[in-house]
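Topology and contacts: notes
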Amino acid sequence: MSEGSKQQVYTLTVEVGRKPGDGLPDKATGAALLIYASGVDEAEAVRETVAILKQADLAPLDVSGYGTLEERLAAGDEIDAEERDLMARALAENSVVVAQMTPFFD
């Protein structure tokens, strides 16, 4: 990471609704996505994530932020190697990584 880089990775959950072509299972009413997104601050990470999800024909409804790796560790979260690897990938690629998608059904 370069000295001038202030990018950090934020853990977000995004609730999405239904939209034609969204790729969710037929009977799903929406989904929750666990996402690792890079940004200079959480607001930027959220904006980038919402923009990318809209480009992917998803319909973001609500975003919750859980902070950076350091903030989550300070809060007592246990973060395994796989999760840390996905966070590192999001940072290295300056990207948004969808780690998990959980469809909702009525």
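Quick note: structure is the one above.
Criteria and cut-off values
Residues numbered from 1 in each chain as written. Predicted model: local features only at pLDDT ≥ 70, side-chain atom pairs only at ≥ 80, totals over all residues. Heavy atoms only, no water. Pairing = 2+ DSSP bridges. Helix = DSSP H or I, 4+ residues; strand = E, 2+ residues; numbered from the N terminus. Axes fitted to C-alpha atoms, helices over the stretch in contact; angles between N-to-C directions. Contact = heavy atoms within 4.5 Å. Salt bridge = Lys/Arg side-chain N within 4 Å of Asp/Glu carboxyl O. Buried < 20%, exposed > 50% of the residue type's maximum accessible area, 1.4 Å probe, protein only.

**A word on the sheet that holds strand β3 (residues 59–68)**
Sheet architecture is open: 4 strands sit in the order β3-β1-β2-β4, paired in antiparallel fashion. The strands lining the two open edges of the sheet, one partner per strand, are β3 and β4 (96–104). Each adjacent strand pair in this sheet contributes to an overall mean axis angle of 20°, direction not counted. When strand β1 (residues 8–17) meets β3, the two strands line up antiparallel, connected through 7 bridges. Bridge pairing links Thr 13 to Ser 64 in β3. Strands in contact with helix α3 (residues 81–93) are β1, β2 (30–39) and β4; relative to β2, the strand with the most contacts, it is inclined by about 60°.

**Here's the deal with the pattern of salt bridges**
Going through the model one piece at a time under the given rule, you end up with 4 salt bridges. Ionic pairing is found between Arg 72 and Glu 83, a salt bridge with its closest N-O pair at 2.8 Å. Of the two residues, Arg 72 is situated in helix α2 (residues 69–74) and Glu 83 in helix α3; the sequence distance between them amounts to 11 residues. The class for Arg 72 is buried, based on a relative accessible area of 9%. Among the ionic pairs, Glu 93 bridges to Arg 89, the shortest N-O distance being 3.5 Å. Of this pair, Glu 93 and Arg 89 both sit in helix α3, separated by 4 residues, roughly a single helical turn. For Glu 93, a relative accessible area of 46% gives the class partly exposed.

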